[in-house]
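Remarks on the overall topology
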Amino acid sequence: MVVVYRRPELTHEQFRRHMQEIHGPLARNLPGLRKYVQNFVCDDPKRQSPGWDAVVELYFDDWPSMEAAWASPQGAASDADLAEFADLTRTTWSVVEEIIVLE
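Since the structure is predicted, the reported quantities are computational estimates derived from the model, not experimental observations. (Residues numbered from 1 in each chain as written. Predicted model: local features only at pLDDT ≥ 70, side-chain atom pairs only at ≥ 80, totals over all residues. Heavy atoms only, no water.)

Attention now moves to the pairing of strand E3 (residues 54–59). Counting buried residues in E3 gives five out of six residues, a clear majority hidden from the surface. Here three bridges tie strand E1 (residues 2–4) to E3, and the two strands are oriented antiparallel to one another. Bridge pairing in E3 places Val3 opposite Val55. Alignment of strand E2 (residues 35–40) against E3, held across six bridges, turns out to be antiparallel. (Buried < 20%, exposed > 50% of the residue type's maximum accessible area, 1.4 Å probe, protein only. Helix = DSSP H or I, 4+ residues; strand = E, 2+ residues; numbered from the N terminus. Pairing = 2+ DSSP bridges.)

A separate point is the sheet that holds E1. Strand order in the open sheet made by the four strands is E2-E3-E1-E4, with antiparallel pairing throughout. Looking along the sheet, the strands with just one partner apiece sit at the ends: E2 and strand E4 (92–93). Sitting on the sheet, helix H1 (residues 12–28) touches E1, E2 and E3, and the angle it makes with E2 is about 170°. (Contact = heavy atoms within 4.5 Å. Axes fitted to C-alpha atoms, helices over the stretch in contact; angles between N-to-C directions.)

The subject of this paragraph is a nonpolar patch on the surface. A grouping of Ile99, Val101 and Leu102 is seen on the molecular surface, where their side chains present a nonpolar patch of about 410 Å² in accessible area. As for its position among the elements, Val101 is in the segment after E4. According to the relative accessible area criterion, Val101 is exposed, its value standing at 77%. (Patch = residues over 30% accessible without salt bridge, like charges linked within 9 Å, V, L, I, M, F, W, Y side chains within 5 Å. Areas by Shrake-Rupley, 256 points an atom, 1.4 Å probe, with all protein chains shown as cover. Salt bridge = Lys/Arg side-chain N within 4 Å of Asp/Glu carboxyl O.)

Distances and angles like these do not, on their own, reveal function.
Take a look at the structure:
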């Protein structure tokens, strides 16, 4: 999971366009990637903005597959692009254990 904050000089639209049109195709090419989801914050008058701009979900079969993806040329290209749209001083990522409660 990656919690992404946009670079402050980018509008929400510029951030989203870059994520969908440039970064998305780069990440989609990661070897061994099984599922890739971009979740963008929506304006909601009933809730306060969380402050972050997107949560990205990347699914791999196992930990070694994930590490191999990041060590690949495609992983390097995806990582290199992050600085183009993401505030890397605040953007964070973590490996998570998914527990399905209801499906």
